[in-house]
Structure formats: C-alpha cells, structure tokens
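# Chain and residue survey
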Amino acid sequence: MSSSAPRPEIRVLIVDDDALVRAGLSMILGGAADLVVVGEGADGREVPHLVAVHRPDVVLMDIRMPGVDGLSATERLRAAGPAPEVVILTTFHADAQVLRALRAGAAGFLLKDTPPGELVAAIRRVGAGEPILSPAVTRQLIAHVADGGAGARRERAATLLAGLSEREREVALAVGRGSSNAEIAAELYMSVATVKAHVSRVLTKLELNNRVQIALTVHDAGHLT
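Okay, so let's go over this structure. (Residues numbered from 1 in each chain as written. Predicted model: local features only at pLDDT ≥ 70, side-chain atom pairs only at ≥ 80, totals over all residues. Heavy atoms only, no water.)

### What about the environment of Ser180?
- Relative to the helices and strands, Ser180 resides in the loop between helix H8 (166–176) and helix H9 (181–188).
- A C-alpha to C-alpha distance of 16 Å links Ser180 and Gly127, two positions 53 residues apart in sequence. (Helix = DSSP H or I, 4+ residues; strand = E, 2+ residues; numbered from the N terminus.)

The structure is reproduced here in structure tokens:
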C-alpha cells in the first residue's frame, strides 16, 4: 500500500473567448485527479460572478478577449480583496499586457501551446502558492517590452525596500533572484518557517499579492540587472 498522501484538490476556472481552447484546457486538466474545472467563462466581465459562485483556487485567464480583456479582469479581481490566483494565457512571450497583469498580481503566465504535462504542473505550483514565473523570465519580459515610467517605478520600489528591516530586505532580494524558501533558509541560516514568516511580512509591508510582485519590485529598484 502506498504511503503517499493524495494531492489536495485545486479548483480551476477557465476564462477564454475561444470555446475550443476552453474545451482543450478542460480536457487536459480533467485528466489530473487533483485538478477540478469548476466553471468556464468567455469574457472578463463574467469573472467576478463566476469567482463568487464557483470559488476557484486558480483562474486561467486569456489576456485577449473581445469584451473585458484578461488584463482588466485581473486588475479588478485582485483589487477587490482576497482573490484566487490568476494565471495569464497568452500567445506571446514578451507582451506589455502580460507585464501589466503581473504587476496587478497575476501569479505568472503560460503560453497557449504549453505541453499538457507542464500546464498541469504549473497549475499545481500556483495552487500551492508558488509562482510559475522565474525572475530570469521576468527580466527577459521587461527587457523586450517597451514599458514607460521606469524612473518613477525605480524610485518607488527603492523607497518600499528601504522600509523593510535588514533581514526582510535580504529575503526580498533572494526572492527576486528566484530562490526557493529552502534555498533562502540555507543561504541566510534560518528555518524554512522563519523564511515563510519573513516573506509574509514583506508582502504585507509592501502591499503585494505574491512572490512575483516581490521579484518585480526588486527588479524595479535596480537590484536585478
């Protein structure tokens, strides 16, 4: 008899204006016992209602839809308070809208041609509270997208990081480098539980939603070059 515990169930909402894409994603995710597609939507304006009704853990959100697009839907959802994690679906590696969605609090992005196994693994990571976008990809995305206001963002990010304690700032920089909690614990000689506590305090102090936003803030401040 196997001693491994079953994976916790992850509830997924799919929002895409293409019915074939929705059907394909639903079929892929339905093949994983721990992933449950609880609902589907074709327009960003449906998202608040669908989230309230189905209470998903993760929303797979198309970035381009003819009504309310995925960017606007993500911004509204994350600004409304406690919200499910959002993963952006796109056909472009470098896209200004993707970057804006990440700044708004999306946990990462996936290309629509992502292999099924990688898609399932990514949803599991997001459901477990882990980002699916490495700082290296973040830097590449920022470098290839014309994105104004860099000077103002650098000043604001530097001010935010200056408000952290020395230990919190060390943890934030490590998150920005893409280190896991275990790697940060080894590097800074602390327990994983202590690292998690520091990450939570950083998110609260900087008023951010997730580790991707910490990495973006560290990058904006000029600490990732």
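### Some words on the pattern of salt bridges
- Applying the stated rule across the entire model yields 13 salt bridges.
- The closest approach of N and O atoms between Arg22 and Glu40, which form a salt bridge, is 3.3 Å. With a gap of 18 residues between them, Arg22 in helix H1 (residues 19–30) and Glu40 in strand S2 (residues 35–41) connect regions that are remote in the sequence.
- Given a relative accessible area of 14%, Arg22 falls into the buried group.
- Look at Glu40 and you get partly exposed, because its relative accessible area is 37%. (Salt bridge = Lys/Arg side-chain N within 4 Å of Asp/Glu carboxyl O. Buried < 20%, exposed > 50% of the residue type's maximum accessible area, 1.4 Å probe, protein only.)

### Things to note about helix H10 (residues 192–206)
- In this model, H10 (15 residues) spans 21 Å end to end at C-alpha, consistent with the 21 Å of a helix rising 1.5 Å per residue.
- Among all positions in H10, only Val195, His198, Val199, Val202, Leu203 and Leu206 are buried. Each buried residue of H10 lies within a common arc of 140° when the element is viewed along its axis, so the set occupies one face. Summarising the geometry of H10, the exposed residues directed more than 90 degrees from the buried face are Ala193 and Thr204.
- Where the residues of H10 are buried, they touch helix H7 (150–162), H8, H9 and helix H11 (211–220).
- Glu207 occupies a position one or two residues after H10 and carries a positive phi of about 55°. (Expected span 1.5 Å × (residues − 1). Arc of directions from axis to C-beta. Contact = heavy atoms within 4.5 Å.)

### Focus on the environment of Arg45
- The topology assignment puts Arg45 in the loop between S2 and helix H2 (47–54).
- Relative accessible area serves as the criterion here: at 55%, Arg45 is assigned to the exposed category.
- Between the alpha carbons of Arg45 and Gly70 there is a distance of 9.3 Å; along the sequence they are 25 residues apart.
- If sequence neighbours within four positions are ignored, Arg45 has contacts with Gly67 and Val68.

### Brief notes about the nonpolar core
- Membership of the largest hydrophobic core comes to 27 residues, with the highest contact counts inside it found for Val59, Met61, Ile88 and Leu102.
- In terms of residues, this core owes the most to one element, helix H4 (residues 96–104), which gives four residues.
- Not counting residues within four places of it along the chain, the set of residues in contact with Met61 comprises Val15, Val47, Gly70, Ala73, Thr74, Val86, Val87, Ile88 and Leu89.
- Listed in part, the 20 residues of the second largest apolar core include Ala174, Ala185, Leu188 and Val195. (Core = buried A, V, L, I, M, F, W, Y, C linked by side-chain atoms within 4.5 Å.)

### Comments concerning the sheet that holds strand S4 (residues 85–90)
- Strand order in this open sheet of five strands is S2-S1-S3-S4-S5, and the pairing throughout is parallel. Only two strands of the sheet have a single neighbouring strand rather than two, namely S2 and strand S5 (108–111). If you compare each strand with its neighbour and ignore which way they point, the axes differ by 25° on average.
- Two strands pair when backbone bridges link them, and S4 and S5 are joined in this way by four bridges, in the parallel orientation. Paired with Leu89 across the bridge in S5 is Leu110. (Pairing = 2+ DSSP bridges. Axes fitted to C-alpha atoms, helices over the stretch in contact; angles between N-to-C directions.)

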